[in-house]
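Descriptive structure summary
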Amino acid sequence: MQAQPSFYDQANELIADFSSAMWGIPLVCLLIGGGLFLLIYSRFLPFRYLGHAVAVLRGKYDGENDEGEITHFQALTTALSATVGMGNIAGVAVAIAIGGPGAVFWMWMSAIVGMGTKFFTGSLAIMYRGKDSEGKTQGGPMYFITQGMGKAWKPLAVIFSIAGLVGALPVFNVNQLTQAVNDILLVPQGVEVGFTSNLIIGLVLVAITSVVILGGLDRISKTAAKLVPAMVLIYFVAVMAILFVNIDVVPKYLGLIFTDAFSADFYTGDKLLGGVVGGLILLGIKRGAFSNEAGVGTAPMAHGAAKTAEPIREGLVAMLGPAIDTIVVCTLTALAILVTDVWQTSDANGVTLTASAFAKALSPAGKYILLLCIAVFSISSLFSYSYYGTKCLSFLFGAHNKKYYNIAYIASILIGATTSLSMMINLIDGFFAIMAIPTMIATLYLAPRVMKEARRYFKALKE
């Protein structure tokens, strides 16, 4: 007699079905088709003003008396601390384990399109800032929907905010950090890992996270501004060392990323979009969206707090996000996994696959360097996501209630530490999909106003 599936197995299957249903053809068309439209509609403006975007980021145009809470640089690093993390280290490994090298190409495509989307959402975050119940200036999709599209569209803002309460939970990052600590640190030392060790790791993360997030946005942004650039640099140097050791095969695998993007050899998953190549495209887009969050709507909540009187400046800063976290950091991770050949010789998935690549190329120190980067990336993302969740709850129920979200958020860390990878990644994927629908609808609706503002801004800049 066949055993009945447990409640846990049933929940896992239900969440997987929910994620697959949400990431259907309509959402892919909305995210990628909408992003491509925005890029063409803007006449590739984000790429034409990259130099100016970097100048804004460096503080050349900062105004002390401008409305907002944090600088352009702090806004970008706060947004990046959420995206430069497990999406870039574990998410890329998941994509390659399932779809082979070709999945990386479609992540690149989602990032290029995403730069256009981020320009518009970052600009809108400043153009249509609102006030919360405490009178503080706020930005994000819920505000540019209600302030820009009108009160009749408020249901879209409510849908985004409800989905954001779950989408902002740190369960995937915590899950993968716990797996990394177990596989890299505890198991080699002969420590028995299981529910108890996972719970202890979760409790340590609860303590660290509580100290920072209860200090509010100022502490979050200052912490992110210090941690993220340093860790990106360390990660960059470590991967460069891996590529140098394996320099003879780097051209081969760079070529494979392009050729396998249109091949079905490695993909065994969902045959959506009319075949396995279509499934590979979908996989790359999902992991790309998880990596850079373009069109999802989380980053505009950070950019909406920037000190600036010029929306276009923040849009230009926001568009740098996908270039940094997907085109640079994800590519580094992908090449490290590919050139060391662990993607073909190991059954590992997620962060463990990336750790195998670092250990193989930079043994014995490699895996510990990766663990340090993972720890900082993951912990910094815990801070940023808490800010996003409290903004969603403040919009729905008033800013005076945001402390209740922090309690639920901190409790979810323990769930992420003691649950499976598949359940956590499917849960966040599904709610990211729901968040993307109102964000993209509003962005496309308001795009002409962004372009009108852009024409005014660049005309004034020339004069």
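1. Quick word on the overall build of the protein
- Helix and strand counts for the protein come out as 21 helices and 2 strands.
- Considering the protein as a whole, with its 463 residues, one finds that 61% of them fall into the buried category.
- Of the contacts formed within the protein by residues at least 6 apart in sequence, a portion of 83% connects residues at least 24 apart.
- Of the accessible surface of the protein, which amounts to about 17800 Å², a share of 65% is contributed by carbon and sulfur atoms.

2. A short note on the pattern of salt bridges
- In total, this model carries 2 salt bridges according to the counting rule given.
- For arginine 456, the salt bridge identified is with glutamate 310, shortest N-O distance 2.6 Å. With arginine 456 in helix α21 (residues 421-462) and glutamate 310 in the loop between α15 (299-303) and α16 (311-339), the pair connects residues that are 146 residues apart, well separated along the chain.
- Put simply, glutamate 453 and arginine 456 hold a salt bridge, and the shortest N to O gap is 2.6 Å. Of this pair, glutamate 453 and arginine 456 both sit in helix α21, 3 residues apart, which is roughly one turn of the helix.
- Ionic contacts of the salt-bridge type, sharing partners, join the residues Glu310, Glu453 and Arg456 into one network.

3. As for the confidence of the model for the protein
- Here the protein averages 81 in pLDDT, and 84% of its residues register 70 or above.
- Per-element averaging of pLDDT across the protein places helix α14 (residues 276-292) at the bottom with 64 and helix α9 (residues 154-167) at the top with 94.

4. Structural notes on the environment of glutamine 176
- In this structure, glutamine 176 sits in helix α10 (residues 171-186).
- Note on glutamine 176: relative accessible area 0%, which makes it buried.
- In this structure, the C-alpha to C-alpha distance between glutamine 176 and isoleucine 89, residues 87 residues apart in sequence, is 9.5 Å.

5. So, the packing of aromatic side chains
- Counting across every chain of the model gives 15 aromatic pairs.
- Here tyrosine 253 and tryptophan 343 contribute two aromatic rings whose centre-to-centre distance is 6.3 Å and whose plane-to-plane angle is 85 degrees, an arrangement assigned as edge-to-face. Highlighted residues: tyrosine 253 in helix α13 (residues 250-259) and tryptophan 343 in helix α17 (residues 342-345), separated in sequence by 90 residues. Just as tyrosine 253 is buried, tryptophan 343 falls in that class too.
- Taken together, a centroid distance of 6.0 Å and an interplanar angle of 45 degrees make the contact between tyrosine 405 and tyrosine 409 tilted. Of this pair, tyrosine 405 and tyrosine 409 both sit in helix α20 (residues 402-417), 4 residues apart, which is roughly one turn of that helix. Across the pair, tyrosine 409 and tyrosine 405 agree in class, each one buried.
- What links up through ring pairs into an aromatic cluster is the set Phe105, Trp106, Trp108 and Phe258.

6. Here's the deal with helix α7 (residues 102-127)
- Relative to the 38 Å expected for 26 residues at 1.5 Å per residue, α7 spans 38 Å between its end C-alpha atoms, a close match to the ideal helical length.
- If you look at α7, its biggest bend is around 30 degrees, right at glycine 114.

7. Some points on a nonpolar patch on the surface
- The grouping of Leu36, Ile40, Phe44, Phe47, Leu50, Ile112, Leu233, Phe236, Val237, Met240, Ile327 and Val328 at the surface amounts to a nonpolar patch, some 960 Å² of accessible area in total.
- Secondary structure elements with two or more residues in the nonpolar patch: α2 (25-41), α12 (216-245) and α16.
- By residue number, the principal contributor to the nonpolar patch is α12, which donates 4 residues.
- Within the secondary structure layout, leucine 36 lies in helix α2.

8. A look at unusual backbone geometry
- One non-glycine residue, arginine 43, lies in the positive phi region at around 55 degrees.
- Residue placement: arginine 43 occurs in the loop between α2 and α3 (45-48).
- Even without being a glycine, phenylalanine 44 presents a positive backbone phi close to 55 degrees.
- Judged by relative accessible area, which is 39%, phenylalanine 44 ranks as partly exposed.

9. What to know about the side chain of threonine 178
- With respect to the secondary-structure elements, threonine 178 resides in helix α10.
- In this structure, threonine 178 is in contact with Asn198, Ile201 and Ala417, ignoring residues within four places of it in sequence.

10. Examining the side chain of serine 412
- Within the fold, serine 412 resides in helix α20.
- Those residues in contact with serine 412 that lie beyond four places of it in its chain are Leu169, Pro170 and Val171.

11. A closer look at the packing of α13 against α16
- Between α13 and α16, whose axes approach to 10 Å, the crossing angle comes to 115 degrees. Here the hand of the crossing between α13 and α16 comes out right-handed. Where α13 abuts α16, its residues Val250, Tyr253, Leu254 and Ile257 lie against Leu335, Leu338 and Val339.
- Grouping the constituent residues of the contact of α13 with α16 by class yields 7 nonpolar, no polar and no charged.

12. Here's the deal with the nonpolar core
- Counting 132 residues, the largest nonpolar core has Phe119, Tyr235, Leu316 and Phe358 as the members making the most contacts within it.
- The dominant element in this core, judged by the number of residues it contributes, is α21, at 20 residues.
- Residues contacting phenylalanine 358, with those up to four places away along its chain left out, are Tyr235, Ala238, Val239, Ile242, Ala336, Ser363, Gly366, Lys367 and Leu370.

How each quantity is defined
- Residues numbered from 1 in each chain as written.
- Predicted model: local features only at pLDDT ≥ 70, side-chain atom pairs only at ≥ 80, totals over all residues.
- Heavy atoms only, no water.
- Helix = DSSP H or I, 4+ residues; strand = E, 2+ residues; numbered from the N terminus.
- Buried < 20%, exposed > 50% of the residue type's maximum accessible area, 1.4 Å probe, protein only.
- Contact = heavy atoms within 4.5 Å.
- Areas by Shrake-Rupley, 256 points an atom, 1.4 Å probe, with all protein chains shown as cover.
- Salt bridge = Lys/Arg side-chain N within 4 Å of Asp/Glu carboxyl O.
- pLDDT = per-residue confidence, 0-100.
- Phe/Tyr/Trp six-rings, centres within 6.5 Å; stacked < 30°, edge-to-face > 60°.
- Expected span 1.5 Å × (residues − 1).
- Bend = angle between axes of the 7 residues up to and from the residue.
- Patch = residues over 30% accessible without salt bridge, like charges linked within 9 Å, V, L, I, M, F, W, Y side chains within 5 Å.
- Axes fitted to C-alpha atoms, helices over the stretch in contact; angles between N-to-C directions.
- Left-handed = near helix turned anticlockwise from the far one by under 90°.
- Nonpolar A, V, L, I, M, F, W, Y, C, P; charged D, E, K, R; others polar.
- Core = buried A, V, L, I, M, F, W, Y, C linked by side-chain atoms within 4.5 Å.

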